[in-house]
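Each chain, letter by letter, is given below.
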Amino acid sequence: MNPKVLLLTLLVVLVGCTKPATWVGLAPGEVVVHERLAVRIDGAWSRLDGLQEPKHDVWTSDGTPLDQLHFHTGIAEGESLVVVKDRPADKPIPRFRKDMQAQDVVELYESFASRDGSVFKLEKLAPARFADEDGFRFEFSRVRKSDEVRMRGVGYGAIHHGELFLMVFEAPRIHYFAKHLPRVEAIAQSAHLREKA
Amino acid sequence: MERRHFIETCGCCSAAALLGPALRAAQGWVVPPRLARPAPKTDEGGLWALMDREEERLRQSPFLMRDAALTGYVHAITCRLAQAHCPDIRTYVVRSPYFNANMAPNGMMQVWTGLILRAENEAQLAAVIGHEVGHYLARHSLERLRDAKSRSAFASVLGLVPIAGPLAGLGVLAGGFAYSRTHERAADQIGLELMAAAGYPPLEAAKVWTHLLEELQAEKDWTGDASTRSVLFATHPTEKEREAKLEAAARALGKADLDPQAQALRRAMTSWRRAWLEDELKRRKFGESLALLGRLTAADPQDGEAAYFLGETYRLRASQGDAERALAAYQKAAALPSAPPEVHRALGVLHRKAGRLPEMREAYGRYLAARPEAEDAEMIRSYLKEGG
């Protein structure tokens, strides 16, 4: 790429961040994510405020380079996991379809997690209860492209009345994944659906 | 900034480099003596030091292929081309699905797996490596560094590398800053001559170009606007003419009856090809992937692996009629012994969605029989239970 174009793009990206995202601490107890998924937390989680995504939430405990907990709540037929803007036409946006099986949903998440060129590998996929549904649980590893850190992740998903509910936690393989895993599993076990208002 | 696009652009720089503008003989050029390490305080010494640091980073990278046999095979091709310069060159195979190779002035040669996957034979791989060796032997990067116009661009690239990420950075530093057309012409011709001297049929270089153009055209046909982003289309509008000139230059060198070594390349990548095809699909460049897999399945109709991945590409593209195309490709693959067991899982998924439970059970059963410890075995077993 022409370096000038690259520089300009970077500038546009930086200037475009008009509303800086901030982290807001979450109180222990029940939290309802985007009014659709109720979970119980033990505190020490912060939520990214200003994401401007109606169906996607990002939480962290020790900061996003060290751990991230993503919620995708009520993704409907034809929607993507996250809001995608200005994507080139030759990069079709992977979209959710209600007839997707667990493997398809993991692939959908993979396309999101490897969009920067990260190497994603599914390690395990098994049936699991999640959000009052017969869903699935998956484990994966990922080499994060930006800094080549080896990550581990666990996700829970379920499709309820044609809508996808997905919760995915990811942290560096060394220390941080194991540190938070029991807390994340507890959150997954506590998840309950809320019907649309 | 989308990193993948950035990397791809760099890949195209090198692809464009190989394919180059109108060929012209590098008249009077002879293989120079081995390059001595420049004094540290010179500009060339600084460039080498920078590349040494990049090379150290590359050695640590999880994207580096650590298969001694594979790396040794590619290095042997490099040596065959570089002749007496071989002791000065280190070859690294980098796991990335993009078509790319580049060589840094300090002797660091990178070959990306997307290039190896696309080569039909060793001669085609040698064509790209030979072109890069050509830049190295002619010390083109130094000339670019000393060229005032490119110096500021080069500096900008260096400053931006951390943003692009380590892998993209390596590509940019080692070969991403564009060479001049004169340099490309020279490297094209040197590459062809090195190929001929090493015993490879030079005409294979033109075929690499043809295949790449076919892939880009297929992407353009599929998306309608590949031309707006591809370096090849954007900056080299007369690619067809160049293709013809490259072919003419190769024909002038003769040696068309030399063995392009198709089997040798296939053997060298056998244990990796499947993983690289998976990487290829993750690019989500369906036009290019379909052109590649169409070529592979046409070249060898018994290639069950390629047939399976052709089905996977249609399934992931999920356009009108793609489900039927995927099913047809899977069914063809399932009848071939070289298909991976995952073809049965893929069939199982389609049968389950269509409510064809007996077929689903048979397909999933075959998958689990071949891969009882598969990462998704538990999930599949739950489908078999629900299917009665």
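As the structure is a computational prediction, the values presented were derived from the model and not from experiment.

Residues and elements named next belong to chain B. Where helix α17 (residues 342-353) meets helix α18 (residues 357-370), the axes come as close as 7 Å, and the angle between the chain directions of the two elements is 160 degrees. Between α17 and α18, the interaxial angle falls into the category roughly antiparallel. Between α17 and α18 lies a crossing whose hand is left-handed. Here α17 contributes E342, H344, R345, L347, G348, V349, H351 and R352 to the contact with α18, which in turn contributes E359, M360, A363, Y364, R366 and Y367. Partitioned by chemical class, the residues of the contact of α17 with α18 number six nonpolar, three polar and five charged.

Residues and elements named next belong to chain B. At a minimum axis distance of 10 Å, the contact between helix α13 (residues 262-282) and helix α14 (residues 286-299) shows a crossing angle of 150 degrees. Regarding the angle of α13 to α14, the classification is roughly antiparallel. Contacts from R273, L277, E280 and L281 in α13 reach E288, S289, L292, L293 and L296 in α14. Of the residues belonging to the contact of α13 with α14, the class tally is five nonpolar, one polar and three charged.

All names here are of chain B. Position of V111 among the secondary structure elements: in strand β3 (residues 108-112). For V111, a relative accessible area of 0% gives the class buried. Beyond its immediate sequence surroundings of up to four residues, V111 is in contact with V74, Y92, V93, V94, N100, A101, I116, L125 and I129.

Here we come to the state of the cysteines. Residues and elements named next belong to chain B. Under the criterion given, the structure shown has one disulfide over all chains. Linked covalently through their sulfurs, C79 and C86 form a disulfide whose S-S length is 1.9 Å. Its S-S torsion of about 55 degrees marks the bond between C79 and C86 as right-handed, since a negative value means left-handed.

Further remarks concern the confidence of the model for chain A. Residue and element names in this part refer to chain A. Mean pLDDT for chain A: 87, with 87% of residues reaching 70 or above. Element-level pLDDT for chain A is lowest in helix α1 (residues 3-16), with a mean of 46, against a maximum mean of 98 in strand β10 (residues 163-172). When the criterion is pLDDT under 50, residues 3-18 qualifies, and its contacts beyond four places in sequence or with other chains add up to 13 contacts.

To continue, consider α18(B). All names here are of chain B. The terminal C-alpha atoms of α18 lie 20 Å apart, and with 14 residues this matches the ideal 20 Å at 1.5 Å per residue to within 8%. Those residues of α18 not exposed but buried are M360, A363, Y364, Y367 and L368. Taken around the axis of α18, the buried residues stretch over an arc of 130 degrees, which confines them to a single face. Exposed residues lying more than 90 degrees from the buried face of α18 are P358, E362 and A369.

Thresholds applied
- Residues numbered from 1 in each chain as written.
- Chains lettered and ligands numbered in written order.
- Predicted model: local features only at pLDDT ≥ 70, side-chain atom pairs only at ≥ 80, totals over all residues.
- Heavy atoms only, no water.
- Axes fitted to C-alpha atoms, helices over the stretch in contact; angles between N-to-C directions.
- Helix = DSSP H or I, 4+ residues; strand = E, 2+ residues; numbered from the N terminus.
- Parallel < 35°, antiparallel > 145°, perpendicular 65-115°, else oblique.
- Left-handed = near helix turned anticlockwise from the far one by under 90°.
- Contact = heavy atoms within 4.5 Å.
- Nonpolar A, V, L, I, M, F, W, Y, C, P; charged D, E, K, R; others polar.
- Buried < 20%, exposed > 50% of the residue type's maximum accessible area, 1.4 Å probe, protein only.
- Disulfide = S-S within 2.5 Å.
- pLDDT = per-residue confidence, 0-100.
- Expected span 1.5 Å × (residues − 1).
- Arc of directions from axis to C-beta.

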